[in-house]
Amino acid sequence: YRNMIKNPFKFGTVVDEPYFTNRKVEMGKVKSVLNSDNHLIIISPRRFGKTSLVQKVIKRTERPSLYLDLQLVTGTEDFASQLLRKLYRIYPFEKIKQLIKHFRILPSISLNPLSNEVDISFHTITSTAILLEDVLNLIENISKKDNKIIVILDEFQEIKSIEKELDRKLRSIIQHHQNINYVFLGSQEHLMRDIFEKKKSPFYHFGNLLLLGKIPHLEFLAYLSEGFSIISNDS
């Protein structure tokens, strides 16, 4: 019978209430940056709640957002395709379709009958940087100054392994954007610091840095006590 009781704790996935634990100070910092013209960098080990923290703040602002884990990106072409696919999820098909006509390389777009989602692919042997530039500029153009799109790039330290010089190309594109807040998440501190704190890096001091530590002992203890109280009451 006890095995059938619902576990009040949740680990290893993006979480919200009632599984999200405190982080009020950090939420305030994230909200402050996202309400400005600045970008945000969050560094912490895996499973410290970076993504959950950002998603919770965004949910409260009710602003549109695109999330992409760079560990799942196989190349620059795939980077562009995945971002464009996610953009289709939050904006009307016809609106984006009209804007894509201005792309220098037109993508192949089809509706997957099994997933009911848009499949996107580019067929090119030319510079893949053009694809990413067109997609990111599309996001910039479709976004609004008073309701900016938030682009979340998780495990951003992987940017250097996707394609040589991609960090430099990406920086040259997004440095001109005024209608997007970029959020860079990373779990390998030394690599993230190389990207954002070395003077020779293209992303040197590109955003506000937040180091996410462990949840304070007393706050986490209170969360555990409440969770075990739920188990006790249910049983």
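For the structure, check the block above.
These numbers come from a predicted model, not from an experiment.

Caption draft 1: How the structure looks around the nonpolar core. By size, the foremost hydrophobic cluster in this structure holds 45 residues, and its most contacted members are Phe-79, Leu-84, Leu-87, Phe-156 and Phe-184. A per-element tally of this core places helix α5 (residues 129-142) first, with seven residues. Contacts of Phe-156, omitting those with residues within four sequence positions, involve Leu-70, Leu-170, Phe-184, Leu-185, Gly-186, Met-192, Ile-195, Phe-196 and Phe-203. By size, the runner-up hydrophobic cluster in this structure holds 16 residues, among which are Met-27, Val-33, Val-57 and Leu-185.

Caption draft 2: Local environment of the environment of Ser-110. You can see Ser-110 is positioned in strand β3 (residues 108-112). When sequence neighbours within four positions are dropped, the list of residues in contact with Ser-110 reads Glu-117, Val-118 and Asp-119.

Caption draft 3: Local environment of the pairing of β3. Where β3 lies against strand β4 (residues 117-121), five bridges are found, and the strand directions are antiparallel. By the bridge assignment, Asn-112 is partnered in β4 with Glu-117. Here β3 folds back onto β4 in antiparallel fashion, the turn holding four residues, of which Asn-116 has a positive phi close to 60 degrees.

Caption draft 4: Examining the environment of Ile-41 more closely. Checked against the element boundaries, Ile-41 lands in strand β1 (residues 40-43). In the structure, Ile-41 is positioned 164 residues away from His-205 in sequence and 9.6 Å away in space, judged by C-alpha atoms. In this structure, Ile-41 is in contact with Phe-184, Met-192, Phe-196, Gly-207, Asn-208, Leu-209 and Leu-210, ignoring residues within four places of it in sequence.

Caption draft 5: Region of interest: the environment of Val-33. Turning to its location among the elements, Val-33 is positioned in helix α1 (residues 24-34). For Val-33, a relative accessible area of 9% translates into the label buried. Sequence spacing of Val-33 and Asn-181 is 148 residues, and the spatial spacing of their C-alpha atoms is 8.6 Å. Beyond its immediate stretch of four places on either side in the chain, Val-33 contacts Asn-38, His-39, Leu-40, Asn-181 and Asn-208.

Caption draft 6: Expanded view of helix α2 (residues 50-61). Here α2 contains twelve residues, and its C-alpha end-to-end distance of 17 Å stays within 8% of the 16 Å for a straight helix at 1.5 Å per residue. Structurally, α2 contributes buried residues whose contacts are with α1, β1, β2 (65-69), β5 (149-154), β6 (180-186) and β7 (208-211). Taken from the residues just after α2, Glu-62 is the one with a positive phi, measuring 60 degrees.

Caption draft 7: Layout of the packing of aromatic side chains. Within the structure shown, the criterion is met by nine aromatic pairs. Ring centres of Phe-184 and Phe-206 lie 6.0 Å apart, and the angle between their planes is 65 degrees; on these two criteria the pair is classed as edge-to-face. With a gap of 22 residues between them, Phe-184 in strand β6 and Phe-206 in the loop between α8 (189-197) and β7 connect regions that are remote in the sequence. What makes Phe-184 buried here is its relative accessible area of 0%. An aromatic cluster is built from Phe-156, Tyr-182, Phe-184, Phe-196, Phe-203 and Phe-206, whose rings are joined through pairwise contacts.

Caption draft 8: The arrangement of the pattern of salt bridges in detail. For the coordinates displayed, the defined rule picks out twelve salt bridges. One salt bridge connects Arg-104 with Glu-133, and the closest N-O pair in it is separated by 3.3 Å. Of this pair, Arg-104 sits in the loop between α4 (93-100) and β3 while Glu-133 sits in helix α5, and the two are 29 residues apart along the sequence. Arg-193 is paired through a salt bridge with Glu-189; the nearest N and O atoms lie 2.8 Å apart. You can see Arg-193 and its partner Glu-189 sitting in helix α8, four residues apart, about one turn around the helix. For Arg-193, a relative accessible area of 25% corresponds to the partly exposed category. Given the relative accessible area of 39%, Glu-189 is considered partly exposed. Residues participating in the shared-partner salt-bridge network are Asp-37, Lys-145 and Lys-148.

Scoring rules and cut-offs
Residues numbered from 1 in each chain as written. Predicted model: local features only at pLDDT ≥ 70, side-chain atom pairs only at ≥ 80, totals over all residues. Heavy atoms only, no water. Core = buried A, V, L, I, M, F, W, Y, C linked by side-chain atoms within 4.5 Å. Buried < 20%, exposed > 50% of the residue type's maximum accessible area, 1.4 Å probe, protein only. Helix = DSSP H or I, 4+ residues; strand = E, 2+ residues; numbered from the N terminus. Contact = heavy atoms within 4.5 Å. Pairing = 2+ DSSP bridges. Expected span 1.5 Å × (residues − 1). Phe/Tyr/Trp six-rings, centres within 6.5 Å; stacked < 30°, edge-to-face > 60°. Salt bridge = Lys/Arg side-chain N within 4 Å of Asp/Glu carboxyl O.

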